[in-house]
Amino acid sequence: MTTTDAVAFWDGVYAARPAAGDPQPNVRLTETVTGLPAGDALDLGCGDGGDALWLAGQGWQITAADISAVAVERLAALARAHGLGDRVTAVRHDLHTSFPPGGFDLICAHYLHTPCDLDRATVLRSAAYALRPGGRLLVVDHGSAAPWSWNQEPDTHYPSPQEVAAGIDLAPEAWTVERADAPRRIATGPGGRTAEVIDHVLLIRRTA
């Protein structure tokens, strides 16, 4: 799938969804970040913007990146509507070809899955190197498919947090894995449907 196709695919995904007036943050983000001092954060694949808006509300300065211009424009408008326009910078970025510049205290990548070409290991390695000392990289992946997911392939392999960490291949003297597990939660989908799903959670801290 070409970059043009990828943009069209994700623009179509977000255009087909009703714009969320108050998107909610992911629970793995709130449980990880609550209590941390606010700093500079990067949200990779910001989507509807719930994570970015929540972080901004907690005092973080957030760069929110997505391949979809529809998602980026919606988030920028929501940030202004919530009085957070000065804390949220929403940018369209194709992680297949480039990575947002800067240094960060927190980088989160929630459900960064796509049917399009994307070398995730390279993206996540770039994220780890973009952390300041003491900064954290939070990677939350699907460990199962919700009934409303776009990916319903029965043979889909969901890499474990340990597999993801091995793929990033970071030097242990400079990065420490603080969490690698597979908790369950009740997810809410379109129309209020609910289902139990598995998250694969990886939290890495830069120590040097």
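Anyway, here's the lowdown on the structure attached to this text. Position numbers for residues start from 1 in each chain and track the written sequence from start to end. In keeping with the predicted nature of the model, local features appear solely for residues at pLDDT of at least 70, side-chain atom pairs appear and are counted solely at 80 or more, and the whole-chain, interface and lining totals rest on all residues. Note that water and hydrogens are dropped before the side-chain values are worked out from all heavy atoms of the structure.

## Considerations on the overall build of the chain
No. 1: The helix and strand labels rest on DSSP assignments: H or I over at least four residues marks a helix, E over at least two residues marks a strand, and numbering proceeds from the N terminus. When you go through the chain residue by residue, the secondary structure sums to six helices and eight strands.
No. 2: Since a compact globule built from 208 residues should have a radius of gyration of about 17 Å, the 16 Å found for the chain is in line with a globular shape.
No. 3: By principal-axis analysis of the C-alpha atoms, the chain measures approximately 45 × 45 × 35 Å.
No. 4: Three exposure classes are used, based on accessible area relative to the maximum for each residue type with a 1.4 Å probe and protein chains only: buried under 20%, partly exposed in between, and exposed over 50%. Here the chain holds 208 residues, and the buried ones make up 44% of them. A radius of gyration in this sense is built from C-alpha atoms; the matching globule rule multiplies 2.2 Å by the number of residues raised to 0.38.

## Some words on the pairing of strand S1 (residues 40–44)
Both faces of the sheet carry side chains from a regular strand, because those side chains alternate between them.
No. 1: Among the five residues of S1, four are classified as buried, and the element is accordingly described as predominantly covered.
No. 2: One requirement defines pairing of two strands: DSSP has to find at least two bridges between them. One ladder, built from five bridges, connects S1 with strand S2 (residues 61–66); its direction is parallel. Residue pairing in the sheet places Leu44 in a bridge with Ala65 of S2.
No. 3: Handedness rule for crossovers: strands pointing away from the viewer, path from the first strand over the helix to the second running clockwise, crossover right-handed. Handedness of the S1-helix H3 (residues 50–57)-S2 crossover: right-handed.

## A short note on the packing of aromatic side chains
No. 1: For this analysis, a ring pair means two rings from Phe, Tyr or Trp (six-membered ring only for Trp) whose centres lie within 6.5 Å, classed as stacked if their planes differ by under 30 degrees, edge-to-face if by over 60, and tilted for the remaining angles. Across all of its chains, the model carries three aromatic pairs by this definition.
No. 2: For the ring pair Phe9 and Trp10, a centre distance of 4.9 Å and an interplane angle of 90° mean the geometry is edge-to-face.
No. 3: Take Phe9: its relative accessible area is 27%, and that puts it in the partly exposed class.
No. 4: A ring pair is formed by Trp10 and Tyr14, whose centres lie 6.2 Å apart and whose planes are at 35°; its orientation type is tilted. You can see Trp10 and its partner Tyr14 sitting in helix H1 (residues 3–15), four residues apart, about one turn around the helix.
No. 5: According to the relative accessible area criterion, Trp10 is buried, its value standing at 10%.
No. 6: The exposure class assigned to Tyr14 is buried, which follows from its relative accessible area of 8%.
No. 7: Among the aromatic residues, those joined into a cluster by ring pairs are Phe9, Trp10 and Tyr14.

## A short note on the environment of Asp5
No. 1: Assignment of secondary structure puts Asp5 in helix H1.
No. 2: Taking the relative accessible area as the measure of exposure, Asp5 reaches 40% and is therefore partly exposed.
No. 3: The sequence separation of Asp5 and Cys116 amounts to 111 residues, and the corresponding C-alpha distance is 8.1 Å.

## Some thoughts on the nonpolar core
No. 1: With 24 residues, the main nonpolar core has Leu29 and Leu55 as its most contacted residues.
No. 2: Elements that contribute at least two residues to this core include exactly helix H2 (27–33), H3, S2, helix H4 (69–81), strand S4 (104–110), strand S5 (131–142) and strand S8 (194–206).
No. 3: Among the elements that line this core, the one with the most residues is H3, at five residues.
No. 4: Residue contacts are defined here by distance: any two heavy atoms, one from each residue, within 4.5 Å place the two residues in contact. In this view, Leu55 contacts Leu29, Val33, Ala41, Trp60, Ile62, Leu106 and Cys108; residues no more than four positions away in its chain are not counted. Buried Ala, Val, Leu, Ile, Met, Phe, Trp, Tyr and Cys residues that are joined via side-chain atoms within 4.5 Å together make up what is termed a nonpolar core.

## Here we look at helix H5 (residues 120–129)
No. 1: Listing the buried residues of H5 in full gives Arg120, Val123, Leu124, Ala127 and Ala128. One face of H5 carries all of its buried residues, which in axial projection span an arc of 140°.
No. 2: Where H5 is buried, its residues contact S1, S4, S5, helix H6 (161–168), strand S6 (175–181) and S8. By construction, the arc corresponds to the directions joining the helix axis to the C-beta atoms.

## Describing unusual backbone geometry
No. 1: The phi torsion at Tyr111 lies on the positive side, around 55°, for a residue other than glycine.
No. 2: Within the secondary structure layout, Tyr111 lies in the loop between S4 and H5.
No. 3: Assessed through its relative accessible area of 18%, Tyr111 is described here as buried.
No. 4: One non-glycine residue, Asp169, lies in the positive phi region at around 60°.
No. 5: Among the structural elements, Asp169 can be located in the loop between H6 and S6.
No. 6: Classification of Asp169 by relative accessible area gives exposed; the value is 60%.

## Thoughts on the state of the cysteines
No. 1: Cysteine sulfur atoms are paired as a disulfide whenever they fall within 2.5 Å. Under the defined criterion, the tally for this structure stands at zero disulfides.
No. 2: Sulfur of Cys46: no disulfide; nearest cysteine sulfur belongs to Cys108 and is 9.6 Å away.

The analysis is restricted to geometry; functional conclusions fall outside its scope.
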